[in-house]
Amino acid sequence: LREQEGVVLAQLDQAHEELTKELCEYVSSVSKRKSLLDTLVAEIEQKRDQLVVEFLMSSSLCCFPPSCEAAKAPIPEPVSPELQRTVKNLSEMSQLVVGIVAKFKGKAKKGGQQTDVSLCCASVKVTLDPETASPYLILSKDRKTMRLGDGQEDLPDTPKRFTGSPSVLGCQG
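All values derive from a computational prediction rather than experimental measurement. (Residues numbered from 1 in each chain as written. Predicted model: local features only at pLDDT ≥ 70, side-chain atom pairs only at ≥ 80, totals over all residues. Heavy atoms only, no water.)

Draft legend 1. Spatial organisation of the overall build of the chain. What the chain contains, in helices and strands, is four helices and six strands. Listed by position from the N terminus, the elements making up the chain come as α-α-α-α-β-β-β-β-β-β. Taking all 173 residues of the chain together, 16% fall into the buried category. Within the chain, counting contacts between residues at least 6 apart in sequence, those at least 24 apart form 60% of the total. Summed over its atoms, the accessible surface of the chain is roughly 13,900 Å², and 59% of this surface lies on carbon and sulfur atoms. (Helix = DSSP H or I, 4+ residues; strand = E, 2+ residues; numbered from the N terminus. Buried < 20%, exposed > 50% of the residue type's maximum accessible area, 1.4 Å probe, protein only. Contact = heavy atoms within 4.5 Å. Areas by Shrake-Rupley, 256 points an atom, 1.4 Å probe, with all protein chains shown as cover.)

Here it is, written out as structure tokens:
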């Protein structure tokens, strides 16, 4: 669980760094455009105070100054569905890990005292369904066992597939 938690936290940190970098770039771009718009507003306020004749002689009504073109607000790029899915998956996985760690810590403490907790494994014969396996899991060729992978496997997208948590469906036998 600690290893899994470390992997998820590292992925969250990386996603946070990327989003922070993009945010800084966007804020910088917006700041530059705001500065340009402030300059244009000052020019327009100056021209507003001119006499009509002076205004008409000093500016061309059919054309805007070149600075107006540069001040157009950017249209934000749409977020790719892949990025949306990745962020959603990381969020779900993070919540899952936090919940599991909390349950484990709760079982490890009894009456405020630390107790020795040993995980027991029951042997049950199952066949795992590869169509439902999360991309974070690696199934054995005989579909009897699985393990958590180092990252996300490149698997075909099916409606049955678990995407948010490392899960897989199985049947007895």
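The rest of the description comes next.
Draft legend 2. Seen up close, the side chain of Arg161. Of note, Arg161 is situated in the loop between β5 (146–148) and β6 (170–172). Here Arg161 is buried and forms no salt bridge, its nearest opposite-charge partner Asp157 lying at an N-O distance of 5.4 Å. Reaching out from Arg161, the side chain makes a polar contact with the backbone oxygen of Ala133 at a distance of 2.7 Å. Beyond its immediate sequence surroundings of up to four residues, Arg161 is in contact with Pro130, Glu131, Thr132, Ala133, Pro135, Leu155 and Pro156. (Lys, Arg positive; Asp, Glu negative; His and termini not counted. Salt bridge = Lys/Arg side-chain N within 4 Å of Asp/Glu carboxyl O. Polar contact = N/O pair within 3.5 Å; in protein donor to acceptor, adjacent residues only side chain to side chain.)

Draft legend 3. Geometry of the nonpolar core. Of all hydrophobic cores here, the largest spans five residues; its members are Val8, Met93, Val97, Val101 and Tyr136. Tallying contributions element by element places helix α4 (residues 81–108) first for this core, with three residues. (Core = buried A, V, L, I, M, F, W, Y, C linked by side-chain atoms within 4.5 Å.)

Draft legend 4. Representation of the side chain of Thr132. Looking at where Thr132 falls in the secondary structure, it is placed in the loop between β3 (126–128) and β4 (137–139). Taking relative accessible area as the criterion, Thr132 reaches 1% and is therefore assigned buried. Among the polar contacts listed, one links the side chain of Thr132 to the backbone oxygen of Asp129, at a separation of 3.0 Å. At a separation of 3.0 Å, a polar atom in the side chain of Thr132 contacts the main-chain amide nitrogen of Leu169. Setting aside residues no more than four positions away along its own chain, Thr132 makes contact with Lys160, Arg161, Phe162, Ser167, Val168 and Leu169.

Draft legend 5. Structural detail: a nonpolar patch on the surface. Together, Leu1, Leu96, Ile100 and Phe104 line one region of the surface with nonpolar side chains, adding up to about 290 Å² of accessible area. Residue position: Leu96 is located in helix α4. For Leu96, a relative accessible area of 31% corresponds to the partly exposed category. (Patch = residues over 30% accessible without salt bridge, like charges linked within 9 Å, V, L, I, M, F, W, Y side chains within 5 Å.)

Draft legend 6. A look at helix α1 (residues 2–48). Between the first and last C-alpha of α1 there are 66 Å, a value that for 47 residues agrees with the 69 Å anticipated at 1.5 Å per step. Among all positions of α1, only Gln4, Val8, Ala15 and Leu40 are buried. (Expected span 1.5 Å × (residues − 1).)

That is the geometry; function is a separate question.
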